[in-house]
Amino acid sequence: MTDPDRLNQILQDQPYIEGFVQPSAADFSARASITEKELKGREHLERWFQHLSSFEMTAETDVRSTENLPQQILDFLQESNEFNSIQLAQQWNLDHQKVIGAIKSLLANEGVLTTKDVTEKRLELTNEGVQFANEGSPEYLVFEFVGTDGAAQADIQKKPFGKIGMAKAMQFKWVSVDKGRVVRQATEVTDSTRKQLESLRIGSSDVSENEKKELKKRKLISEVNIKALVVSKGTSFTTSLAKQEADLTPEMIASGSWKDMQFKKYNFDSLGVVPSSGHLHPLMKVRSEFRQIFFSMGFSEMATNRYVESSFWNFDALFQPQQHPARDAHDTFFVSDPAISTKFPEDYLERVKTVHSKGGYGSAGYNYDWKIEEAQKNVLRTHTTAVSARQLYQLAQEGFRPSKLFSIDRVFRNETLDATHLAEFHQVEGVIAEKNLSLAHLIGIFTEFFKKLGITNLRFKPTYNPYTEPSMEIFAYHQGLTKWVEIGNSGMFRPEMLLPMGLPADVNVAGYGLSLERPTMIKYGINNIRDLFGSKIDLNVVYNNPICRLDK
Ligand SMILES: N[C@@H](Cc1ccccc1)C(=O)O
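If you're wondering where the values come from, they're calculated on a predicted model, not measured in any experiment.

Attention shifts here to the overall build of the chain. Looking only at helices and strands, the chain features 22 helices and 17 strands. Residues classed as buried in the chain amount to 42% of the 552 residues present. The long-range share in the chain, meaning contacts at least 24 apart out of those at least 6 apart in sequence, stands at 70%.

The residue after aspartate 337, namely proline 338, is reached through a cis peptide bond having omega 0°. Looking at the secondary structure, you find proline 338 in the loop between helix H15 (311-314) and helix H16 (346-357). Between glutamate 469 and the following residue, proline 470, the backbone shows a cis peptide bond with an omega angle of -5°. With respect to the element layout, proline 470 can be found in strand E15 (residues 468-478).

Phe290, Ile432, Phe446, Phe449, Phe450, Tyr512 and Leu514 are the most contacted members of the largest nonpolar core, which has 36 residues in total. Residue contributions to this core peak at 6 residues, all from helix H19 (residues 439-453). Not counting chain neighbours up to four residues away, the residues in contact with phenylalanine 449 comprise Phe290, Ile293, Phe294, Met297, Tyr512 and Leu514. Grouped together as the second largest cluster of nonpolar side chains are 29 residues, Leu318, Val352, Met497 and Leu498 included.

What follows concerns the pattern of salt bridges. Applying the stated rule across the entire model yields 18 salt bridges. For glutamate 301, the salt bridge identified is with arginine 291, shortest N-O distance 2.5 Å. Of this pair, glutamate 301 sits in strand E9 (residues 300-301) while arginine 291 sits in helix H14 (residues 282-296); the two residues are 10 residues apart in sequence, bridging distant segments of the chain. A residue is classified by how much of its surface remains accessible, and glutamate 301, at 35% relative accessible area, is partly exposed. A relative accessible area of 25% means that arginine 291 is categorised as partly exposed.

A few words on the site of the ligand. Surveying the vicinity of the ligand reveals 15 residues, the closest of which are His383, Thr385, Arg413, Gln427 and Tyr467. Glutamine 427 places a polar side-chain atom, nitrogen or oxygen, 2.9 Å from an oxygen atom of the ligand. Taking tyrosine 467, its side chain carries an N or O atom lying 2.9 Å from a nitrogen atom of the ligand. Of the pockets mapped on this structure, the ligand occupies the second largest pocket.

Let us now look at the layout of surface pockets. Estimates place the volume of the second largest pocket at around 860 Å³. Surrounding the second largest pocket, 40 residues form its lining, Arg413, Phe425, Gln427, Glu486 and Asn489 being those nearest its centre. Contributions of two or more residues to the lining of the second largest pocket are made by strand E13 (424-435), strand E14 (458-465), E15, strand E16 (483-493), strand E17 (507-515) and helix H21 (517-524). The greatest single-element share of the lining of the second largest pocket, amounting to 7 residues, is contributed by E16. A class-by-class count of the residues in the lining of the second largest pocket yields 12 nonpolar, 20 polar and 8 charged.

Let's shift gears to the side chain of threonine 193. Mapped onto the secondary structure, threonine 193 falls in helix H11 (residues 192-201). Residue threonine 193 is classed as buried on the basis of its relative accessible area of 9%.

Turning to the sheet that holds E17, a few remarks are in order. The strands that make up a sheet are held in pairs by hydrogen bonds between backbone atoms, and each pair lies either parallel or antiparallel. Ordered by their spatial adjacency, 7 strands build an open sheet running E9-E12-E13-E17-E16-E15-E14, and the pairing between neighbours is mixed. With one partner strand each, in any of the chains shown, E9 and E14 form the two edges of the open sheet. Note that E13 and E17 share 9 bridges and pair antiparallel. Across the sheet, residue alanine 433 finds its bridge partner in E17, namely valine 509. Most of the contacts of helix H18 (residues 385-398) go to E13, to which it runs at about 30°, and overall it touches strand E12 (403-412), E13, E16 and E17.

The subject of this paragraph is the sheet that holds strand E6 (residues 221-233). Overall, antiparallel pairing links the 3 strands, which are arranged E1-E6-E2 in an open sheet. Here the strands that pair on one side only, and so sit at the sheet edges, are strand E1 (82-84) and strand E2 (113-125). This sheet shows a mean twist of 20° between the axes of neighbouring strands, independent of strand direction. Pairing geometry for E1 and E6, over 3 bridges, is antiparallel. Bridged to phenylalanine 83 within E6 is valine 231.

Turning our attention to the environment of arginine 327. With respect to the element layout, arginine 327 can be found in the loop between H15 and H16. Sequence separation between arginine 327 and glutamate 374 is 47 residues; the distance between their C-alpha atoms is 9.8 Å. For arginine 327, the residues in contact, after removing those within four places along its chain, are Ser311, Phe315, Asp316, Gln320, Pro321, Gln322, Thr332, Phe334 and Glu374. Only 3.0 Å separates the side chain of arginine 327 from the side chain of aspartate 316, close enough to count as a polar contact.

Turning to H16, a few remarks are in order. Taking 1.5 Å per residue as the helical rise, H16 with its 12 residues ought to reach 16 Å, and the 17 Å between its terminal C-alpha atoms agrees with that figure. For H16, the set of buried residues is Tyr348, Leu349, Val352, Val355, His356 and Ser357. Within two residues after H16, glycine 359 carries a phi angle of roughly 90°, on the positive side.

So, on to the pairing of E13. Burial of E13 is extensive: 9 of the 12 residues sit out of reach of the surface. Across 10 bridges, the pairing between E12 and E13 is antiparallel. Looking across to E13, one finds that lysine 404 is bridged to isoleucine 432.

What follows is about the packing of helix H4 (residues 69-80) against helix H6 (residues 96-107). The geometry of H4 relative to H6 is characterised by a closest axis approach of 9 Å and an angle of 80° between their N-to-C directions. Classified by the interaxial angle, the pair formed by H4 and H6 is roughly perpendicular. Facing H4, whose interface residues are Leu69, Pro70, Ile73 and Leu74, H6 presents Lys98, Val99, Ala102, Ile103, Ser105 and Leu106.

We now examine the packing of aromatic side chains. Under the defined criterion, the tally for this structure stands at 27 aromatic pairs. Here the aromatic rings of phenylalanine 446 and phenylalanine 460 are separated by 6.1 Å at their centres, their planes lie at 25°, and the arrangement is stacked. Taken together, the residues phenylalanine 446 in helix H19 and phenylalanine 460 in strand E14 connect sequence positions 14 residues apart. With a relative accessible area of 0%, phenylalanine 446 lands in the buried category. Taking NZ or CZ as reference, arginine 184 lies 3.8 Å from the ring centre of phenylalanine 143, over its face.

Cut-offs applied
- Residues numbered from 1 in each chain as written.
- Predicted model: local features only at pLDDT ≥ 70, side-chain atom pairs only at ≥ 80, totals over all residues.
- Heavy atoms only, no water.
- Helix = DSSP H or I, 4+ residues; strand = E, 2+ residues; numbered from the N terminus.
- Buried < 20%, exposed > 50% of the residue type's maximum accessible area, 1.4 Å probe, protein only.
- Contact = heavy atoms within 4.5 Å.
- Core = buried A, V, L, I, M, F, W, Y, C linked by side-chain atoms within 4.5 Å.
- Salt bridge = Lys/Arg side-chain N within 4 Å of Asp/Glu carboxyl O.
- Near = heavy atom within 4 Å.
- Polar contact = N/O pair within 3.5 Å; in protein donor to acceptor, adjacent residues only side chain to side chain.
- 1 Å grid on protein atoms, 1.4 Å probe; cavity = no way out; pocket = protein on both sides within 12 Å on 5 of 7 lines; lining within 4 Å.
- Sits in = over half its atoms within 2 Å of the grid points.
- Points joined across faces, edges and corners; volume = space filled by probe spheres on them.
- Nonpolar A, V, L, I, M, F, W, Y, C, P; charged D, E, K, R; others polar.
- Pairing = 2+ DSSP bridges.
- Axes fitted to C-alpha atoms, helices over the stretch in contact; angles between N-to-C directions.
- Expected span 1.5 Å × (residues − 1).
- Parallel < 35°, antiparallel > 145°, perpendicular 65-115°, else oblique.
- Phe/Tyr/Trp six-rings, centres within 6.5 Å; stacked < 30°, edge-to-face > 60°.
- Lys NZ or Arg CZ within 6 Å of the ring centre and 35° of its normal.

Here it is, written out as structure tokens:
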């Protein structure tokens, strides 16, 4: 494919290509001016860049195939007796690590090689050096920009190469300034900075010590230490290594051929194949994401270890009246055995009773006959707000301190099952207790919280809870169902709930409860909540959903 004659012709026609530089596309845009001739030749040239690179490879350097590199190294050592890995990599134009890898693989054969660790100093181009090598030095770019007609100094200063380029081009007497106008002082110049950088880049030794010193001063190159190996023949050096088998097969044992074979040493350092075994359930993945998000936002986790809860903690402590429809057997699962709880903090129970029946703390209460029998009834907790209630009471007993708490666990509701409702599901609950908190803080927390989950399409809607005022529901847009789905409920806990607990009057508590299932459905494009439970889960749906792919 290479056509050196044609190439030389091109180089003569287009003298601005200096030497065998391999210009990049950026080269053109970085160049300050392109003459008409160059412009015309550009397309033509671009085709020839391909030839340029193949010419460089075949004519100038000795590029090795890395196939069977260990054998090539043995053959080389046979002739040379000793070599340095860096020099060999340079000579063969290979990545040094590849050479090291091949040497290491040969070391598995005892006695074939001896190696010695050495540290070599090498010059490397800095980022700026690489840029200059690719695009030309700033002084050259200035010289180009000035052109034969000259240019305004202000225009040059605006260019990224302007400042340094001007200083150097003046120092080299390539250009001069007269009343704000820059003109060429030399008719032709060579971009030797770029040339030197290019030579150093390919490890060539044709850059003088003085030139290196200057490049170092300009911070275009720097000295780095590289660990290399000096390799020489071992006591049982050979260029024809016996083929080493990786596996002992039943056939080898049956035929007895294993007796004459050599086997590869077992590599105890290599990583094993990771067995494709269990995966986290999508729900548990989202749960761990939720936990991480809570932790990253400074929340601590509450203990959630009771599914059976008394009505007292599930409802009464939350200022939910005993006639509230949610307490009805249609919505709540009552437990028949044990049917009641009997141990409650007495004073607190008394205060709860009073706030329900007579009011207090500035509230008129509900004005009804509060009955302990109703509060004693055991239920499967209908929300994790029962967990929060216990925790807030505890906080009041210990003495208030600002707190951010969360819990994620199962709750139970006597629901009619459909695509978005189950009788048992998970709630993600958070409470923030602090002075001067408002609903605005809560909205801010949600926005941040869901952003971290990848859900940005949120809407808030005012709602009613017996235990919060104001209260709001949170909706997220579900792409699969093409509708807004409620994913949470929240609000500022009422004083009728907090003050009987003994929390200071100037403390506000914001709370929220979210479903774990619905964000999971949104995230993984699952349209039926029932698909999340039991053995029916269709992993093809989960793993191939277009909205968000689940990594296994
Ligand atoms: N308990 C509410 C959620 C909630 C928690 C805390 C404050 C306000 C609302 C629910 O079940 O939906």
